[in-house]
Amino acid sequence: MGKTYDENLKRSVELFRRNDRIHRRLFERQAAERFGIHRSQHITLMYISRHEDATQRSIADHFEISPAAVATTLKKLEAGEFIVRTACDTDCRKNNIRITEKGQNVINQTHILFSEIDYAMFEGIDENNMNVLAQCLEKMNENLRTAAERSMK
């Protein structure tokens, strides 16, 4: 592996990271403008939409954050009428959290937003290059999983 390979590696990693940041920021800005939600609210709403009767504890455990941090996000989502909390039938200390119709509409619209951003990002890249890119990303994923497994031993 020569100098050119190392230079291309560094350039590719930097571009990969930069593209990820730009993609994330673009989504966050658009989601805030269109739907009035921020990143933590969106990912929490996504979790709730996929987990019927989620609890504050299950959300905290899933994202590996404190229940207090989740409480702040839930208060904002509840105030925006994106979720509702109901008392748990089996444990009065818990609340089940459910997505509202308004919240589900936001989730549906953010799927469209992601698609718009993704298509914009890949505009002008032909199918053959998309295939090569996908193969490279799959190999990178495999390599990182292998490295992670080795590091846990």
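Structure: above.
In this report, we go over the structure that sits alongside the text. In this text the structure is predicted, and so the values were computed from the model without any measurement.

Peptide bonds are trans in most cases, and residues, glycine excluded, mostly fall at negative phi. One non-glycine residue with positive phi stands out, namely Glu-64, at about 55°. Assignment of secondary structure puts Glu-64 in the loop between α3 (56-63) and α4 (67-79). On the accessibility criterion, Glu-64 (72% relative accessible area) is exposed. For Glu-81, which is not a glycine, the phi torsion comes out positive at approximately 65°. With respect to the helices, strands and loops of the structure, Glu-81 is situated in the loop between α4 and β1 (83-87). On the accessibility criterion, Glu-81 (54% relative accessible area) is exposed.

So, about the environment of Lys-94. For Lys-94, the location among the structural elements is in the loop between β1 and β2 (95-99). Lys-94 has contacts with Thr-55, Thr-86, Ala-87 and Cys-88, leaving out every residue within four places of it along the chain.

The next thing to look at is the packing of α3 against α4. Remark: α3 packs on α4, axes separated minimally by 9 Å, with the N-to-C direction vectors making an angle of 115°. The pairing of α3 with α4 is recorded here as roughly perpendicular in orientation. In this structure, α3 crosses over α4, and the sense of that crossing is right-handed. Residue-level contacts link Gln-56, Arg-57, Ile-59 and Ala-60 of α3 to Pro-67, Ala-68, Val-70, Ala-71 and Leu-74 of α4.

Here the focus is the packing of helix α2 (residues 39-50) against α4. Relative orientation of the contacting elements α2 and α4 amounts to 80°, with a least axis distance of 10 Å. Judged by the angle between their axes, α2 and α4 are roughly perpendicular. Of α4, the residues touching α2 (which contributes Ser-40, Gln-41, Thr-44, Leu-45 and Ile-48) are Thr-73, Leu-74, Lys-76 and Leu-77. For the contact of α2 with α4, the per-class residue count stands at four nonpolar, four polar and one charged.

As a further point, take the pattern of salt bridges. Under the criterion given, the structure shown has eight salt bridges. A salt bridge links Glu-14 to Arg-21; its shortest N-O distance comes to 3.6 Å. Residues Arg-24 and Asp-20 are paired through a salt bridge, measuring 3.1 Å at the closest nitrogen-oxygen approach. Here Arg-24 and its partner Asp-20 are both found in helix α1 (residues 3-35), four residues apart, which amounts to about one turn of the helix. Relative accessible area serves as the criterion here: at 31%, Arg-24 is assigned to the partly exposed category. Overall, the relative accessible area of 42% leaves Asp-20 in the partly exposed class.

Attention shifts here to the nonpolar core. The nonpolar side chains of soluble globular proteins are, as a tendency, buried together. Residues Leu-45, Ile-48, Ile-59, Leu-74 and Ile-83 are the most contacted members of the largest nonpolar core, which totals 21 residues. When contributions to this core are tallied by element, the ones reaching two or more residues are α1, α2, α3, α4 and α5 (101-121). The contacts of Ile-83, once residues within four sequence positions are left out, are Leu-45, Ile-48, Leu-74, Leu-77, Glu-78, Ile-97, Arg-98, Ile-99 and Thr-100.

With that out of the way, let us pick up the layout of surface pockets. Reported here for the largest pocket is a volume of approximately 750 Å³. Taken together, 22 residues form the lining of the largest pocket, with Ser-12, Phe-16, Leu-133, Leu-137 and Met-140 sitting closest to its centre. Looking at the lining of the largest pocket, the elements that each hand over two or more residues are α1 and α6 (127-151). Top element by residues in the lining of the largest pocket is α1. It accounts for eleven residues. When its residues are assigned to classes, the lining of the largest pocket shows twelve nonpolar, seven polar and three charged.

Cut-offs used in this document
- Residues numbered from 1 in each chain as written.
- Predicted model: local features only at pLDDT ≥ 70, side-chain atom pairs only at ≥ 80, totals over all residues.
- Heavy atoms only, no water.
- Helix = DSSP H or I, 4+ residues; strand = E, 2+ residues; numbered from the N terminus.
- Buried < 20%, exposed > 50% of the residue type's maximum accessible area, 1.4 Å probe, protein only.
- Contact = heavy atoms within 4.5 Å.
- Axes fitted to C-alpha atoms, helices over the stretch in contact; angles between N-to-C directions.
- Parallel < 35°, antiparallel > 145°, perpendicular 65-115°, else oblique.
- Left-handed = near helix turned anticlockwise from the far one by under 90°.
- Nonpolar A, V, L, I, M, F, W, Y, C, P; charged D, E, K, R; others polar.
- Salt bridge = Lys/Arg side-chain N within 4 Å of Asp/Glu carboxyl O.
- Core = buried A, V, L, I, M, F, W, Y, C linked by side-chain atoms within 4.5 Å.
- 1 Å grid on protein atoms, 1.4 Å probe; cavity = no way out; pocket = protein on both sides within 12 Å on 5 of 7 lines; lining within 4 Å.
- Points joined across faces, edges and corners; volume = space filled by probe spheres on them.

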